[in-house]
Amino acid sequence: MKLRKTLGNMESPECQSLMRQMETQSRQTLATWAVAYAKERYLPIYQDACPAEERLYAALSECEACLRGEAPSAERKAALQTLRQIALETNGAVAQAAARAISTACAAAQTPTNAFGFLLYGAAAFAYHSAGLNAAQDAYDALATQELQRALASLRSASVPGEAHPVKLRWNC
């Protein structure tokens, strides 16, 4: 069986709920949440697979600094380029899915729909890390659902009630 790059059913209740919740939040709130969630959930998976690789953590930290206004946006662009390159260079389904999740989460400040897209890579990273690379698709799908439900709870917790300037999102899925 060939492993998929992303996991998640766009029509599932958790995916639909994630999209509706994201529509109520600002670009800044979504980007900040996405980076924090990727750091918490997918960075450990990546580091477990690639313990000697330090560039990803450094680029992720640079994106965090930019979101806090502590670094210029030009540095975020360089960090995003580094993250994309790492994701391309990374071997192994688990590490590559985690690297893609982190890279995509960090790009949510530029492209707000990435605040959803990174979760599909992250669901794959979580499922492959949890079940190994030889499990049945049903097992992966169940783990992906579990991860997306966890992400929804996290997003709801991080959401700003009555956000003054919610981002306008166009879902192309």
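Above this note sits the structure.
In every chain, residue numbers begin from 1 and rise along the written sequence. In keeping with the model being predicted, local features are shown solely for residues with a pLDDT of at least 70 and side-chain atom pairs are shown and tallied solely at 80 or more, while totals for entire chains, interfaces and linings include all residues. Excluded from the side-chain calculations are hydrogens and water; all other atoms, namely the structure's heavy atoms, are used.

**With respect to the overall build of the protein**
Here's step 1: Secondary structure elements are defined from DSSP: runs of H or I of at least 4 residues count as helices, runs of E of at least 2 residues count as strands, and each element is numbered from the N terminus. Along the backbone of the protein there are eight helices and zero strands.
Here's step 2: Its helices and strands in sequence order give the protein the pattern α-α-α-α-α-α-α-α, from N to C terminus.
Here's step 3: Here the C-alpha radius of gyration of the protein, 15 Å, is about what a compact globule of 173 residues would show, namely 16 Å.
Here's step 4: Counting only C-alpha atoms and orienting by the principal axes, one finds that the protein spans roughly 45 × 35 × 25 Å. The atom set for the radius of gyration is the C-alpha atoms, and the globule formula is 2.2 Å times the number of residues raised to the power 0.38.

**A look at the packing of helix α2 (residues 27–41) against helix α7 (residues 114–131)**
Here's step 1: Their axes nearest at 10 Å, the elements α2 and α7 cross at an angle of 10 degrees. Considering the angle they form, α2 stands roughly parallel to α7. On the side of α2, the interface is formed by L30, W33, A34, Y37, A38 and R41, while α7 contributes A115, F118, L119 and F126.
Here's step 2: Of the residues contributing to the contact of α2 with α7, the split by class is nine nonpolar, no polar and one charged. Every axis in this analysis is a line fitted to C-alpha atoms, fitted for helices over the stretch in contact. Angles between the N-to-C directions lie between 0 and 180 degrees. Put simply, angles under 35 degrees are roughly parallel, angles over 145 are roughly antiparallel, angles from 65 to 115 are roughly perpendicular, and the rest are oblique. Should any heavy atoms of two residues lie within 4.5 Å, those residues are considered in contact. Under the scheme applied here, ten amino acids are nonpolar (Ala, Val, Leu, Ile, Met, Phe, Trp, Tyr, Cys and Pro), four are charged (Asp, Glu, Lys and Arg), and all others, including Gly, are polar.

**Some words on the pattern of salt bridges**
Here's step 1: Any Lys or Arg side-chain nitrogen found within 4 Å of a carboxyl oxygen on Asp or Glu counts as a salt bridge. All told, the structure shown has eight salt bridges when counted by the stated rule.
Here's step 2: The residue R4 makes a salt bridge to D141 at a minimum N-O spacing of 4.0 Å. You can see R4 sitting in the segment before α1 (13–22) and its partner D141 sitting in helix α8 (residues 137–158), a full 137 residues away along the chain.
Here's step 3: Residue R4 is classed as partly exposed on the basis of its relative accessible area, which comes to 38%. Note on classification: 1.4 Å probe, protein chains only; a residue is buried when its accessible area is under 20% of the maximum for its type, exposed when over 50%, partly exposed between these limits.

Shape is all these values report; function is a separate question.
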